[in-house]
Amino acid sequence: MEQKNGSSLTGFILLGFSDRPQLELVLFVVLLIFYIFTLLGNTAIIALSHLDPHLHTPMYFFLSNLSFLDLCYTTSIVPQFLVNLRGADKSISFGGCVVQLYISLGLGCTECILLGVMALDRYVAVCRPLHYTVIMHPRLCALMASASWFIGFANSLLQTVLVFLLPRCGRNRLDHFLCEVPPLLKLACIDTTMNESELFFVSVIILLIPVALIIFSYGWIVRAILRVKSAAGQRKAFGTCGSHLTVVALFYGTAIYAYLQPSNNYSQDQGKFISLFYTIITPMINPLIYTLRNKDVKGAMKKVLWKDYDSR
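Definitions and cut-offs
Numbering of residues begins from 1 in every chain and follows the order in which that chain's sequence is written. With pLDDT at 70 or above as the cut-off, local features in this predicted model cover only qualifying residues; side-chain atom pairs require 80 or more to be listed or tallied, and sums for whole chains, interfaces and linings still use all residues. Where side-chain values are given, they derive from all heavy atoms of the structure, hydrogens and water being excluded. Secondary structure counts use DSSP, requiring at least four H or I residues in a row for a helix and at least two E residues in a row for a strand, with both numbered from the N terminus. Only protein chains enter the calculation, and the probe is 1.4 Å; a residue is then buried if its accessible area is under 20% of its type maximum, exposed if over 50%, and partly exposed in between. Under this definition, polar contacts are N or O atom pairs within 3.5 Å; protein pairs additionally need one hydrogen-donor-capable and one acceptor-capable atom, and for neighbouring residues in sequence, both atoms have to be side-chain atoms. Two residues qualify as a contact provided that any one of their heavy atoms is within 4.5 Å of a heavy atom in the partner residue. UniProt positions are given in the numbering used here, feature names are shortened, and annotations may be inferred rather than shown by experiment. Inter-axis angles, ranging from 0 to 180 degrees, are taken between N-to-C directions of lines fitted to C-alpha atoms, where helices are fitted over the stretch in contact. Every angle not falling under 35 degrees, over 145, or within 65 to 115 is termed oblique; those three ranges are roughly parallel, roughly antiparallel and roughly perpendicular. When the near helix sits turned anticlockwise from the far one by under a right angle, the crossing is termed left-handed; a clockwise turn instead gives a right-handed crossing. Each residue receives one of three labels: charged for Asp, Glu, Lys and Arg, nonpolar for Ala, Val, Leu, Ile, Met, Phe, Trp, Tyr, Cys and Pro, and polar for the others, Gly being one of them. Counting rule for disulfides: a pair of cysteine sulfur atoms within 2.5 Å. Criterion used throughout: strands pair if DSSP finds at least two bridges between them. By this rule the span expected of a helix is its residue count minus one, scaled by 1.5 Å. Two distance rules govern patches: like charges are joined within 9 Å, and nonpolar side chains (Val, Leu, Ile, Met, Phe, Trp, Tyr) within 5 Å, applied only to residues with over 30% relative accessible area and no salt bridge. Using the Shrake-Rupley algorithm and a 1.4 Å probe, accessible areas are obtained, with residue cover drawn only from the displayed protein chains. By convention in these notes, a salt bridge is any Lys or Arg side-chain nitrogen within 4 Å of a carboxyl oxygen on Asp or Glu.

1. Digging into the side chain of Lys90
Right, so step 1: With respect to the helices and strands, the residue Lys90 is situated in the loop between α3 (78-86) and β2 (91-92).
Right, so step 2: We classify Lys90 as buried; its relative accessible area is 13%.
Right, so step 3: A polar side-chain atom of Lys90 sits 2.9 Å from a polar atom in the side chain of Glu24.
Right, so step 4: When sequence neighbours within four positions are dropped, the list of residues in contact with Lys90 reads Phe12, Ile13, Leu14, Ser18, Glu24, Asn84 and Leu85.

2. What to know about the UniProt feature "transmembrane region" (unreviewed entry) in the chain
Right, so step 1: Per the UniProt record, the feature "transmembrane region" (unreviewed entry) sits at residues 25-48, 60-81, 101-120, 140-166, 200-226, 238-260 and 272-292.
Right, so step 2: Strand forms 0% of residues 25-48 and helix 100%; the C-alpha atoms that close the span are 35 Å apart.
Right, so step 3: Structurally, residues 60-81 is divided into 91% helix and 0% strand, and its ends, taken at the C-alpha atoms, are 31 Å apart.

3. Some words on the packing of helix α1 (residues 21-51) against α3
Right, so step 1: With their axes 9 Å apart at the nearest point, α1 and α3 run at an angle of 155 degrees to one another. Here α1 is positioned roughly antiparallel relative to α3, judged by the angle of their axes. Here the hand of the crossing between α1 and α3 comes out left-handed. Of the residues in α3, those touching α1 at Glu24, Leu25, Leu27, Phe28, Leu31, Leu32 and Tyr35 are Val78, Pro79, Phe81, Leu82, Asn84, Leu85 and Arg86.
Right, so step 2: Of the residues in the contact of α1 with α3, the class split is 11 nonpolar, 1 polar and 2 charged.

4. Here we look at the state of the cysteines
Right, so step 1: Under the definition given, this model contains 2 disulfides.
Right, so step 2: The disulfide partner of Cys97 is Cys179, and the S-S distance across this bridge is 2.0 Å. What sets the handedness of the Cys97 and Cys179 disulfide is the S-S torsion sign, and at about -125 degrees it is left-handed. Highlighted residues: Cys97 in helix α4 (residues 94-127) and Cys179 in the loop between β3 (173-174) and α7 (181-185), separated in sequence by 82 residues.
Right, so step 3: By relative accessible area, which is 0% here, Cys179 ends up buried.
Right, so step 4: Paired by a disulfide, Cys169 and Cys189 hold their sulfur atoms 1.9 Å apart. Sign of the S-S torsion, about 65 degrees for the bond between Cys169 and Cys189, identifies this disulfide as right-handed.

5. Thoughts on the environment of Leu39
Right, so step 1: Topologically, Leu39 is positioned in helix α1.
Right, so step 2: We classify Leu39 as partly exposed; its relative accessible area is 30%.
Right, so step 3: Sequence-distant contacts of Leu39, that is, excluding residues within four places in its chain, are made with Leu71 and Thr75.

6. A closer look at the sheet that holds strand β1 (residues 12-14)
Right, so step 1: Taken together, 3 strands build an open sheet; the order of strands is β2-β1-β3 and the sheet is mixed. At either margin of the open sheet sits one strand with a lone partner, and together these are β2 and β3.
Right, so step 2: Taken together, the 2 bridges between β1 and β2 define a ladder with antiparallel strand orientation. Among the inter-strand pairings, Ile13 is bridged to a residue of β2, identified as Ser91.

7. As for the environment of Val297
Right, so step 1: Mapped onto the secondary structure, Val297 falls in helix α11 (residues 295-311).
Right, so step 2: Residue classification places Val297 among the buried residues on the basis of a relative accessible area of 2%.
Right, so step 3: For the pair formed by Val297 and Ala44, sequence separation is 253 residues and the distance between their alpha carbons is 9.9 Å.
Right, so step 4: Residues in contact with Val297, not counting those within four places in the same chain, are Ile45, Leu48, Tyr60, Tyr290 and Thr291.

8. Focus: helix α2 (residues 58-75)
Right, so step 1: Here α2 contains 18 residues, and its C-alpha end-to-end distance of 26 Å stays within 8% of the 26 Å for a straight helix at 1.5 Å per residue.
Right, so step 2: The buried fraction of α2 is high, at 14 of 18 residues.

9. A closer look at helix α6 (residues 138-165)
Right, so step 1: Taking 1.5 Å per residue as the helical rise, α6 with its 28 residues ought to reach 40 Å, and the 41 Å between its terminal C-alpha atoms agrees with that figure.
Right, so step 2: Looking only at α6, the buried set comprises Cys141, Met144, Ala145, Ser148, Gly152, Phe153, Asn155, Ser156, Gln159, Thr160, Val163 and Phe164.
Right, so step 3: Each element contacted by the buried residues of α6 is listed here: β1, α2, α4, α7 and α8 (193-227).

10. Details of a nonpolar patch on the surface
Right, so step 1: Together, Val99, Tyr102, Ile103, Leu157, Val161 and Leu165 make up an exposed nonpolar region whose accessible area comes to about 500 Å².
Right, so step 2: Those elements that place two or more of their residues in the nonpolar patch are α4 and α6.
Right, so step 3: Tracing the backbone shows Val161 in helix α6.
Right, so step 4: The class of Val161 is partly exposed, set by a relative accessible area of 41%.

Okay, here's the thing in structure tokens:
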């Protein structure tokens, strides 16, 4: 069915890695394993944060939000990708593409803001420890988490509407493995300079403002840690903050590369592999980073496992 502006509602062909058949088989096996670990790891974080009273703190409230977000994020992308990798049919319906873009972009934007909020939480915990419970009370934490989700999905709604209003003149072969704004813009048969400028401007706000907040927070955190005379205290502070900084570097580094470089410098092949990293690999390694470097989470895991073993 064709619209007056030439845009097709019959769906899209996700080319993905179809020009590399051998890579598709390897990717299918690797991504299936990664997806299973993502589900298990993030579900474990959410369950531990709920079951262990010692983890009923603002830090783990935000961490649970991040884990739930990562579960939804990968689930909005990976199942469809796995189906396309194993079959000859690489298509996705028009409605499916709209939903995938709206959900995945909304969750991605939410994660950008949430990581900034988590940096603010670490700042208060390290620099204002005596006032931590007063400042980061449950109502404020819930408000900041809700604001992150609302802003993320409000921006996603705007970008989704704008990109699908563009005429495509029958073009439906999307050189990507998911519906994402930059490759969708390339299907348009009109000049998209305004859309690219708007996307760049919004990306600067969504990506760089949280990064600035993170840099500011950790600048003060480092100053506070260096004043601590106890070596054990310094290690503990660096340990709790190091996990968050690792996640921040992995997520923002790849997202900034994908959304803040000029379109004429954008390599589609590089874009695919970068997207693989921040949509699939990062959500899988987040739980590993937080559990391997966090004594509280490891302690809670041991308690739950021993409690389950003793009950038998």
